[in-house]
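Listed below, chain by chain, are the residues.
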Amino acid sequence: MPSIKLPIRIMNPGLLGDSDIVLGAAAVKRMKIPSQTPIRMLFGSFEYYVRVIPQSKATSLRISSYLAEKMGIPPQTVLRLVYTPNSRTLHLGPVVGVLISRDYPGNPERPFGQITAFCREMTAAGQKQGAFVYFITPEGIEQGVSSIKGWVFDKAWRAREFPVADVYYNRLTSRKLENKPSVQHFMHEVKNRYRSHFFNEKYLDKTEVFDALQKDGQLVRYLPESHLHRGLTSLKSMLAKYPIVFLKPVKGSLGKGIIRIQRMPGGSFMSQTTQEYGVRKQNHDSLTKLHNALAGKMKTTRYQIQQGLHLIEMAKRPVDFRALVQKNNRGQWAVTSVVARIAGSQHFVSNLARGGTLSTVKDAVERSSLPTAIKQKAGVRLHKAALEIAQGMDDHSSAHFGELGIDLAMDQSGRIWLLEVNSKPSKNDNTPLGDNKIRPSVRRLLDYASYLSGY
């Protein structure tokens, strides 16, 4: 059904009946909404019977202050309207809930810490695109779906109660929080009881990603050999094939805990471990001694062992690429951005948290030693690989994703490899934004939410 986008005007008490709403006569006629007779109005899970009063010059949807309070919406909210004649239902929305890790009520300027600017941007994008966005934490949903406490921006951040949203976007940054019984119960309830959509509903671990993608014959060409590490046997087998291997925590992120192991001349081995301020190097006379030195880490953390790659370089520093791939307003994967990441001088990983820096794909490729013919097609090939891998995750994973951070690499021959798939790409962007600046990545999140909810 076609939708129209309108600002919501909240009337002062006594000026409009609690069950009355005023809508432009032309819109009422175009959408074939019956007037002066009760129809059902839905706003997320909030349901109310209202009477539509057509008014020739109305350019907004006017509702009573009583109704606005029940819905949890502030003045100046902009929403889309869809009318379904068969069920005599007026849908207002979409209502989009964003699940974030924590709030700081005592800090009104930055109630969500580092991602406060992102949350403000989501709200502004909702206003422009006609969507209502609110933010909740695991603490705000502990009472279940009957009482959702969260935040909305109304000139300042304000705490309110909200109905169940049409769509939820999971921005939890901790597996521990995501796996809390109250969070899992909430996710189950909103999907099954209210038919809400919930995307990016889980963290991905490295073993899960590679096991899923290996099922697709078209994607195997992007996958370095990678297995769940099973001790000394795994090390011996992989180092017999490759001069360098990586051990990566299965549930790690931000480059933490990655170990690089290199076979050296004369039968010795060197391990390099990422640390906060650099890399710790150790030489080992034998593989057994190396394994024993790492045994303490292996007891508490599961690792993925992965084939080492000879990556392209800038100024003798390894380069890889982060593609942000998101679903658009047609529910299809699209590449929002691709950036090159250059490892810091004291690191072998490119994560910004480990001293890495950003570059354009064009600049990174141009400054590499790749043949000219490969350089010219590098950008197109990286986009293609990112889209194919995102689709592969859809096809071979049971979880629902609307955006993925896909880490790709290009070796010295120009071959593209997958390093990692991240279901919670960082939103801690320190780039200064103007008051009206909304990034394409934020707009696309709202596009996809509108698609899912039928607006």
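Looking up the chain in an unreviewed UniProt entry gives the name ATP-grasp domain-containing protein, with the organism given as Paenibacillus physcomitrellae.

On inspection of all chains with the given rule, the structure shows 22 salt bridges. For the salt bridge of E47 with R40, the shortest nitrogen-to-oxygen distance reads 3.6 Å. On the accessibility criterion, R40 (22% relative accessible area) is partly exposed. Linking E142 and K180 is a salt bridge whose minimum nitrogen-to-oxygen distance equals 3.3 Å. In this pair, E142 sits in the loop between strand 9 (132–136) and strand 10 (148–153) while K180 sits in the loop between helix 4 (175–178) and helix 5 (181–192), placing the two residues 38 residues apart along the sequence. Given the relative accessible area of 23%, K180 is considered partly exposed.

Let's shift gears to the packing of helix 3 (residues 116–129) against helix 11 (residues 440–453). Packing of helix 3 against helix 11 brings their axes to within 9 Å, and their N-to-C directions diverge by 55°. Here helix 3 lies oblique to helix 11, going by the angle between them. The crossing of helix 3 and helix 11 is right-handed. Between helix 3, through F118, E121, M122, A125, G126 and Q129, and helix 11, the contact on the second element is made entirely by V442, R443, L445, L446 and D447. Class assignment for the residues of the contact of helix 3 with helix 11 results in six nonpolar, two polar and three charged.

So, on to the environment of K377. Here K377 shows up in helix 10 (residues 372–396). Separated by twelve residues in the primary sequence, K377 and V365 have C-alpha atoms spaced 10.0 Å apart.

All right, on to helix 3 then. Counted at 1.5 Å a residue, the expected span for helix 3 with its 14 residues is 20 Å, and the 20 Å between its end C-alpha atoms agrees. For helix 3, the full list of buried residues reads T116, F118, C119, E121, M122, T123, A125, G126 and Q129.

Conventions adopted
- Note that residues are indexed from 1 along each chain, following the sequence as it is written.
- Given that this is a predicted model, residues contribute local features only at a pLDDT of at least 70 and side-chain atom pairs are listed and counted only at 80 or more, while totals for whole chains, interfaces and linings are drawn from all residues.
- To obtain the side-chain values, all non-hydrogen atoms of the structure were included, while hydrogens and water were left out.
- For salt bridges, the criterion is a side-chain nitrogen of Lys or Arg within 4 Å of an Asp or Glu carboxyl oxygen.
- When a residue's accessible area, from a 1.4 Å probe over protein chains only, is under 20% of the maximum for its type it is buried; when over 50% it is exposed; and in between it is partly exposed.
- Strands here mean DSSP runs of E at least two residues long; helices mean DSSP runs of H or I at least four residues long; both are numbered from the N terminus.
- The convention used is that axes are lines fitted to C-alpha atoms, helices contributing only their stretch in contact, and that angles between N-to-C directions extend from 0 to 180 degrees.
- Angle categories: roughly parallel below 35 degrees, roughly antiparallel above 145, roughly perpendicular from 65 to 115, and oblique for all the rest.
- Note on convention: the crossing is left-handed when the near helix lies turned anticlockwise from the far helix by less than a right angle, right-handed when the turn is clockwise.
- Any pair of residues with heavy atoms lying within 4.5 Å of one another is described as a contacting pair.
- Basically, the charged four are Asp, Glu, Lys and Arg, the nonpolar ten are Ala, Val, Leu, Ile, Met, Phe, Trp, Tyr, Cys and Pro, and anything else, Gly included, counts as polar.
- Multiplying 1.5 Å by the helix residue count minus one yields the expected span of that helix.

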